[in-house]
Amino acid sequence: MNSKAIYLDYAATTPVDPRVAHRMSTCLMFDGDFGNPASTSHQYGWQAAELVENARVQVADLINALPTEIVFTSGATESDNLAIKGAVFRTNHGHVVTSSYEHKAVLDTCTYLSDKGWDVTFVDPSRDGLVDPAAIENAITDETIIVSVMHVNNEIGTLNNVQEIGRMCRDRGVLFHVDAAQSVGKVEVDVKSQNIDLLSISAHKIYGPKGIGVLYIDRNAHSRIEAIIHGGGHERGMRSGTLPTHQIVGIGEAVRICKAQLPTERKRLLSLRKRLYSHLMQIPGVSLNGSEDERIPGLINVAFEGVDGETLLLALDGVAVSSGSACTSATVEPSYVLKAIGLEDQLAASSLRFTVGRFTTEEDVDLAATHVTDVVMKLRS
């Protein structure tokens, strides 16, 4: 194996694309555009503000939104909190519907609201790792304020039919929020045709910097969301705080590159994923978690029967993979996502997530698969 582990954990985070890093560097030093975008009395502020608005246009173009519907946040976790808490705080009562295998940013937010007295329904996904739109429709009541369902599950990579869920929410006058941290830049996302009112994006999942994200807020939903961070009235009153020009420029450049490369990169990642999966399926007792067809191109979650996942992870010193979400990687319990789709504890505990990305090569896939095969067979023996 190489001295540096092969990186197959792109769902956890991505390296910053060199083109993104270069654009960001021009906004940090005195001879660049370092100004505060809120400084309206001189050219330093004007130049920074222009860069911010250009990035806003770039993000809007990627998801078919209006630039005025883009709110910059510190990341998808804050965006999820703003969308869900902002909706219920505006009304101060009501019902929330979500799924039981959401990212912790949504689950913990909804649990917090439940503990504070709001009514929350957690809908279980099916065995193939998908949320049934009919199950969401059945959970909606006359008191429902917001439905939050992720576009792509971050642990198993399955792709939900958010368009149909959004249509049902529109018919019932209910806000629809989508955590799209794992889908934006990897598959087509169109907030208008998919009937999405609120959508969360994270830059570090698409080769941008950590610490910056977006909440798309449909112009017709703006009045139904309460700000949860105050102090300065930035972002049309939705999210106060000095705008980090360099990070915003970074997410703008990241989405520009994603949009330009989406068709070819999607095909390349799908080919790499299938190549990896075909290798792994040669190992006896290997099974795929979640639908084989309804998933993003670059992610698979595989169970290795008869092998403890944590032991396997420790033995795979030459390959960087994970047993689930990076936010829960320190826990020793089986993945709550895998348990939610019906896997028994033993099989859930033997599962690993593999994610290929922009800098993954066929050689990486072949070497990683060989190493995984060797380690699994040694552990079983």
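Our subject is the structure listed above.
Overview of the structure. (Residues numbered from 1 in each chain as written. Predicted model: local features only at pLDDT ≥ 70, side-chain atom pairs only at ≥ 80, totals over all residues. Heavy atoms only, no water.)

### Quick look at the nonpolar core
At step 1: Among the nonpolar cores identified, the biggest contains 56 residues, and Ile 63, Ile 70, Phe 72, Ile 136, Val 147, Phe 176 and Leu 199 are the most heavily contacted of them.
At step 2: Ignoring anything within four residues of it in the chain, the contact list for Val 147 reads Val 97, Ile 136, Ile 140, Ile 165, Cys 169, Val 174, Leu 175, Phe 176 and His 177.
At step 3: Counting residues in each nonpolar core, the second largest holds 27 residues, with Leu 269, Tyr 277, Val 375 and Val 376 among its members. (Core = buried A, V, L, I, M, F, W, Y, C linked by side-chain atoms within 4.5 Å. Buried < 20%, exposed > 50% of the residue type's maximum accessible area, 1.4 Å probe, protein only. Contact = heavy atoms within 4.5 Å.)

### Looking at the environment of Ala 135
At step 1: Turning to its location among the elements, Ala 135 is positioned in helix H5 (residues 133–139).
At step 2: Sequence separation of Ala 135 and Val 123 is twelve residues, and the distance between their C-alpha atoms is 7.0 Å. (Helix = DSSP H or I, 4+ residues; strand = E, 2+ residues; numbered from the N terminus.)

### A closer look at a nonpolar patch on the surface
At step 1: Taken together, Phe 30, Phe 34 and Tyr 44 make up a surface patch of nonpolar side chains, about 320 Å² in accessible area.
At step 2: Classification of Phe 34 by relative accessible area gives partly exposed; the value is 35%. (Patch = residues over 30% accessible without salt bridge, like charges linked within 9 Å, V, L, I, M, F, W, Y side chains within 5 Å. Areas by Shrake-Rupley, 256 points an atom, 1.4 Å probe, with all protein chains shown as cover. Salt bridge = Lys/Arg side-chain N within 4 Å of Asp/Glu carboxyl O.)

### Looking at the pairing of strand S12 (residues 351–355)
Each regular strand displays side chains that alternate between the two surfaces of the sheet.
At step 1: Extensive coverage of S12 is indicated by the burial of five of its five residues.
At step 2: Residues Ser 351, Arg 353 and Thr 355 line one face of S12 and the alternating positions Leu 352 and Phe 354 line the opposite face, and both faces are buried.
At step 3: Sheet topology places strand S10 (residues 299–304) next to S12; five bridges connect them, and they run antiparallel. From the neighbouring strand, Asn 301 faces S12, where its bridge partner is Arg 353. (Pairing = 2+ DSSP bridges.)

### Focus: a negative patch on the surface
At step 1: Among the surface-exposed residues, Asp 128, Glu 292, Asp 293 and Glu 294 lie close enough to one another that they form a single negatively charged patch.
At step 2: Summarising the element assignment, Asp 293 is placed in the loop between strand S9 (286–288) and S10. (Lys, Arg positive; Asp, Glu negative; His and termini not counted. Charge placed at Lys NZ, Arg CZ, Asp CG, Glu CD.)

### A closer look at the pairing of strand S6 (residues 175–179)
At step 1: The element S6 is extensively covered by neighbouring structure, given that five of its five residues are classed as buried.
At step 2: Burial along S6 is two-sided: the residues Leu 175, His 177 and Asp 179 and Phe 176 and Val 178 are all buried.
At step 3: Taking the sense of rotation as the criterion, the β-α-β connection linking strand S5 (residues 144–148), helix H6 (residues 162–172) and S6 turns out right-handed.
At step 4: Summarising the sheet, S6 and strand S7 (residues 198–202) pair through three bridges and their orientation is parallel. The partner of Val 178 across the bridge, within S7, is Leu 199. (Right-handed = clockwise from strand over helix to strand, strands pointing away.)

### A short note on unusual backbone geometry
What is expected of a backbone is that most residues other than glycine have negative phi and most peptide bonds are trans.
At step 1: The phi dihedral of Asn 64 falls on the positive side, at around 60°, and the residue is not glycine.
At step 2: By secondary structure assignment, the location of Asn 64 is in the loop between helix H2 (43–63) and strand S2 (70–73).
At step 3: Although it is not a glycine, Arg 236 sits at a positive phi angle of roughly 55°.
At step 4: As for its position among the elements, Arg 236 is in the loop between strand S8 (213–217) and helix H7 (245–280).

### Re the side chain of Thr 245
At step 1: Relative to the elements of secondary structure, Thr 245 occurs in helix H7.
At step 2: When its relative accessible area of 5% is taken as the criterion, Thr 245 is described as buried.
At step 3: With residues up to four places along the chain from it excluded, the contact list for Thr 245 reads Cys 27, Asp 33, Gly 35, Pro 37, Ala 48, Leu 51 and Val 52.

### Some details on the pattern of salt bridges
At step 1: Scanning the entire structure with this criterion turns up 17 salt bridges.
At step 2: Notably, a salt bridge pairs Glu 265 with Arg 268, separated by 3.0 Å at the nearest N-O pair. Highlighted residues: Glu 265 and Arg 268, both in helix H7, separated by three residues, approximately one helical turn.
At step 3: For Arg 268, a relative accessible area of 28% corresponds to the partly exposed category.
At step 4: In this structure, a network of salt bridges that share partners links the residues Asp 17, Arg 19 and Arg 358.

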